[in-house]
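Listed below, chain by chain, are the residues.
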Amino acid sequence: MKKFFLITNEAKDPVGAITNKITAIIKKHGGEAVCVKNERQAFADKGTDGVDCALVLGGDGTLLRAAGNMMDSDIPLLGINLGTLGYLAEVESACAEEAVEKLFRDEYVREERMMLTGRVQTGDGKERYALNDIVISRCGSLQILNVRIYVNDRFLNDYCADGVIVATPTGSTGYNLSAGGPIVEPSARLLLLTPICPHTLNTRSIVFSPEDEITVEIPEGKDGNEQVVEANFDGSNTITLRTGDRILIRRADRTTGIVRLNTESFLTVLHKKMSET
């Protein structure tokens, strides 16, 4: 690797100290660093020809936004953690120089992470993508939601909850984990369905095959009232759903390339993260 995009969360590196440090390291090794504030605009202004990797400086949220903006490219991402508890951003800022040196020596593995796609069947029909999860949650007042779940067009269950999460293995350590869902090895291929604060004693997460298709329908609310909810893709791209709307969620036909430098097993990394909390 020789040419890099540097995508920085400026709130976490406000004066650019870490960004400048990594830029200097890259140049010291004879490489090229292009600092990017808007990934989509960078494609139009600078293009992506010859870019080997995008170094994403921030936390998991910064990397997720970069993944969404860059999914039409074939550029893999490496997260450099400037936040607190990062599962996607594997490199700590103090280890940035060592990480860059490994990239120049081609000592890395590229993983192709499964993504989700969601399409509102009664809306514009546009497909939207997520690396972590698609979350159906309440919009506005603190009301309980009624959602109806179908799998492969067969009725599964009605949920009375604050919402539901459909997550990838990569997203299993995100909102899914906070909602009590299982942790999954990120290279696995499966779908996770996890209710958010369900109003029942026997509701648990369900694991589905990657070939399964999950449909979330918004029925009438309590006393026949219209429900207005949000479908949120990786915490940033949000669309509004109303009673009668249905969103079809399935495995996407594209993946996100993630660069891995760590030779430790997923369980070892997980143990360290859990010890930090």
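As shown above, the structure is provided for reference.
Presented here is an overview of the structure given in this document.

Criteria and cut-off values
Residues numbered from 1 in each chain as written. Predicted model: local features only at pLDDT ≥ 70, side-chain atom pairs only at ≥ 80, totals over all residues. Heavy atoms only, no water. Salt bridge = Lys/Arg side-chain N within 4 Å of Asp/Glu carboxyl O. Helix = DSSP H or I, 4+ residues; strand = E, 2+ residues; numbered from the N terminus. Core = buried A, V, L, I, M, F, W, Y, C linked by side-chain atoms within 4.5 Å. Buried < 20%, exposed > 50% of the residue type's maximum accessible area, 1.4 Å probe, protein only. Contact = heavy atoms within 4.5 Å. Phe/Tyr/Trp six-rings, centres within 6.5 Å; stacked < 30°, edge-to-face > 60°. Lys NZ or Arg CZ within 6 Å of the ring centre and 35° of its normal. Pairing = 2+ DSSP bridges. Axes fitted to C-alpha atoms, helices over the stretch in contact; angles between N-to-C directions. Left-handed = near helix turned anticlockwise from the far one by under 90°. Nonpolar A, V, L, I, M, F, W, Y, C, P; charged D, E, K, R; others polar.

With that settled, the discussion passes to the pattern of salt bridges. As enumerated under the stated definition, the model contains 14 salt bridges in all. For the salt bridge of E98 with K102, the shortest nitrogen-to-oxygen distance reads 3.9 Å. Residue E98 and its partner K102 are both found in helix α4 (residues 96-104); the two are separated by four residues, about one turn of the helix. Through salt bridges that share partners, R148, D158, E217 and R246 make up one connected network.

Residues I136, V216, L241 and I247 are the most contacted members of the largest nonpolar core, which totals 26 residues. Dropping the residues within four chain positions of it, I247 is found in contact with G118, R119, V120, I136, I214, T215, V216, A231, F233 and L241.

Before going further, it helps to examine the packing of aromatic side chains. Under the defined criterion, the tally for this structure stands at two aromatic pairs. Their ring planes at 70° and their centres at 5.8 Å tell us that Y150 and F155 sit as a pair that is edge-to-face. The ring centre of Y150 lies 4.9 Å from the NZ or CZ of R246, which sits over that ring. The ring centre of Y129 lies 4.4 Å from the NZ or CZ of R254, which sits over that ring.

This part is about the sheet that holds strand β16 (residues 237-242). Pairing between the strands of a sheet is mediated by backbone hydrogen bonds and can be parallel or antiparallel. In spatial order, the strands read β13-β12-β11-β8-β15-β16; together these six strands make up an open sheet with antiparallel pairing. This sheet does not close on itself; its edge strands, each paired only once, are β13 (206-208) and β16. Within this sheet the neighbouring strands show an average axis-to-axis angle of 20°, counted without direction.

What follows covers the packing of helix α1 (residues 17-28) against α4. Between α1 and α4, the least distance of the axes is 10 Å, while the angle of their chain directions is 35°. As α1 packs across α4, the resulting crossing turns out to be right-handed. Packed against α1, whose contacting residues are I22, I25, I26 and K28, the element α4 presents A96, E97, V100 and F104 at the interface. When its residues are assigned to classes, the contact of α1 with α4 shows six nonpolar, no polar and two charged.

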